[in-house]
Amino acid sequence: MQKIDARQLDLTHDVEGFIDRQQPGFTLEQPFYTSPEFFQLDKERVIFRQWQFVDHVSRIPNRGDFFLFTIAGEEIIITRGDEDKIHAHFNVCRHRGSRLCLEKQGRKRRLTCPYHAWSFELDGRLANARQMPDGFDPNDYSLHSCQVRVFEGLIFIYLGKEEEAPDFDYIADNYLPWIAPYKLADTKIATVRHFPTPANWKLVVENFLECYHCRPSHPEYCSTMGHVTYDGDGTEEGMEKYRVMYNRWLEKAKAQGRKVGYFEPPCPDQSLRVSRQVIKDNAVSTTQDGGPACKKLLGDLTDYDGGDAFFAFGENLYLLVSDDYVALLRFTPLDTLESDVTITYLVHKDAEEGVDYEPDRVAWLWEVTTEQDAKIIIDNQKGVLSDRYRPGPYSKLEGNCETFIRHYLKMLSAAERPTSKLNINPDDYTGEAIFSI
Ligand code: FES
Ligand SMILES: [Fe+2]
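What you are looking at is a predicted structure, and each value in this text was computed from that prediction instead of being measured.

Here we look at helix H4 (residues 168-179)
Thought 1: Within H4, burial applies to Ile171, Asn174, Tyr175 and Ile179. Angular distribution of buried residues about the axis of H4 spans 125°; they occupy a single face of the element. H4 presents Asp169 and Leu176 as exposed residues on the side facing more than 90 degrees away from its buried surface.
Thought 2: Those residues of H4 that are buried are in contact with strand E13 (272-278) and strand E14 (307-313).

Below, the structure written as structure tokens:
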């Protein structure tokens, strides 16, 4: 395959050519992972056109609480206003464009610009601008805001044009039966861990979506999760062992009235996937010894069933849900070669640190795994930057990466950009498939 130099591209004309040339079953060509021009396209056509997870509502419990969220070169002020409503505004003053909030988080009555002191209400309306000429109408200068949706305590924002936003109700309606039992709105943040990752966001996502690398890279994850212990080796014997363990769990989980299996609502705008599966024999939570992570179970649960749940909300948020804690893995594109990985761990809101849980025990699995992932992703990016990088073939255990790349290219292509909103019956798509990430 001929190599193309990203520096010689005129992307306004060539992007469709790149998409057309993409070989099915192979990784992307180099510029997709390395070129600032492609990152700009990612921002406009993918990142700004999907709902992006920001944080848990307990991060801003009181009126006026705010924090800054950075994504693809933009800073967004997330704040709680009157009547508990959550707002999201671009951190850009409507006077002469200064950054408005300089602190990363805090509490304010109003948002006042440090430059000439224009001040804005928490909902974004301009409240005060001194000595402006006659005819100046403050209503014309509200902050640029993003759409906000809060679903089960999780804050999502949409940075693009309102009319192009994927149908959030469709996402929420399809996920609610699976997520409701955990009552995520009634949780609190146990601990947060940051993993700055100097790599293109698509390499971060691809790494998360496949477990081909689990055996060489993640001994702790492999010893914790049954599906890797057995089916990760790809042999029929391994699969059979996993099937036996899975079926044993299936009976138990069903008897407890718990959700099981796999569900993928077909959404053209955003990748959605949810599943519940066995952790491994005798484990009740995804901890180092398989014992509880927190003495208080989440939400309505009265007993462990030995399973855990996985939710994908697009490529930006993955929820790994044990019966007693949640790991929210948020992957945020920052720049062409810069991503943020932040893991927020939630436990029951009444759980007491030091009594019911220890943050390091709750964080153990995904901290050790994500540290390992950050390292391999950085090495992956270094290799992809080499003059000798060429797209390589995915293995049979990297099917989710292929699906992601297909979906990404559709989003990126002006010609193929999906726009339809589907409405389906979730029961038609719920199976009891054996799960393998
Ligand atoms: S730029 Fe904000 S008040 Fe002037
Ligand atoms: Fe990994």
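Next comes the rest of the account.
Points about the sheet that holds strand E3 (residues 74-80)
Thought 1: The strand order E1-E10-E9-E4-E3-E2-E5 describes an open sheet built from seven strands, whose pairing is antiparallel. This sheet does not close on itself; its edge strands, each paired only once, are strand E1 (52-56) and strand E5 (105-107). Taking each pair of neighbouring strands and ignoring which way they run, the sheet shows an average axis angle of 30°.
Thought 2: With five bridges joining them, strand E9 (residues 145-151) and strand E10 (residues 154-158) adopt antiparallel strand pairing. Across the sheet, residue Val150 finds its bridge partner in E10, namely Ile155.

Examining the nonpolar core
Thought 1: Core analysis: the biggest nonpolar cluster contains 109 residues, and Ile78, Val204, Phe311, Tyr325, Val326, Tyr345 and Val362 have the highest contact counts within it.
Thought 2: Not counting residues up to four positions away in its chain, the partners in contact with Tyr345 are Ala190, Thr191, Tyr325, Val326, Ala327, Val362 and Ala363.

Quick look at the pairing of E14
Thought 1: Across the seven residues of E14, six count as buried, placing the element largely inside the fold.
Thought 2: Examined bridge by bridge, E14 and strand E15 (residues 317-321) share five bridges and lie antiparallel to one another. Across the sheet, residue Ala312 finds its bridge partner in E15, namely Tyr318.

Topic: the domain arrangement of the protein chain
The figure often quoted for interface size is the accessible area lost as the parts come together.
Thought 1: When the domains of the protein chain are assigned, the result is domain 1 (52-151) and domain 2 (168-431).
Thought 2: Taking the mean C-alpha position of each, domain 1 and domain 2 sit 32 Å from one another.
Thought 3: Opposite the 13 residues of domain 1 that make contact, domain 2 presents 15 residues.
Thought 4: Where the side of domain 1 that touches domain 2 is concerned, the elements lending two or more residues are E1, strand E2 (65-71) and E9.
Thought 5: With four residues, the top contributor of residues to the side of domain 1 that touches domain 2 is E1.

Considering the packing of helix H5 (residues 201-209) against helix H10 (residues 359-384)
Thought 1: Relative to each other, H5 and H10 sit at 130°, their axes nearing to 10 Å. Judged by the inter-axis angle, H5 sits oblique to H10. The crossing of H5 and H10 is right-handed. Between H5 and H10, the contacting residues are Leu203, Val204 and Asn207 on the first element and Asp373, Ile376, Ile377, Asn380, Gln381 and Val384 on the second.
Thought 2: Of the residues belonging to the contact of H5 with H10, the class tally is five nonpolar, three polar and one charged.

What about the sheet that holds strand E7 (residues 119-120)?
Thought 1: Strands sit in the order E6-E7-E8 across an open sheet of three strands; the sheet is antiparallel. Looking at the sheet topology across the chains shown, the edges are occupied by strand E6 (111-112) and strand E8 (126-128).
Thought 2: Bridging between E6 and E7 involves two bridges; their strand directions are antiparallel. Looking at the pairing, Leu111 lines up with Phe120 of E7.

Cut-offs used in this document
- Residues numbered from 1 in each chain as written.
- Chains lettered and ligands numbered in written order.
- Predicted model: local features only at pLDDT ≥ 70, side-chain atom pairs only at ≥ 80, totals over all residues.
- Buried ≥ 20, exposed ≤ 12 C-beta atoms within 10 Å, placed from the backbone.
- Helix = DSSP H or I, 4+ residues; strand = E, 2+ residues; numbered from the N terminus.
- Arc of directions from axis to C-beta.
- Contact = placed C-beta atoms within 7 Å.
- Pairing = 2+ DSSP bridges.
- Axes fitted to C-alpha atoms, helices over the stretch in contact; angles between N-to-C directions.
- Core = buried A, V, L, I, M, F, W, Y, C linked by C-beta atoms within 7 Å.
- Domains from an automatic or database assignment.
- Parallel < 35°, antiparallel > 145°, perpendicular 65-115°, else oblique.
- Left-handed = near helix turned anticlockwise from the far one by under 90°.
- Nonpolar A, V, L, I, M, F, W, Y, C, P; charged D, E, K, R; others polar.

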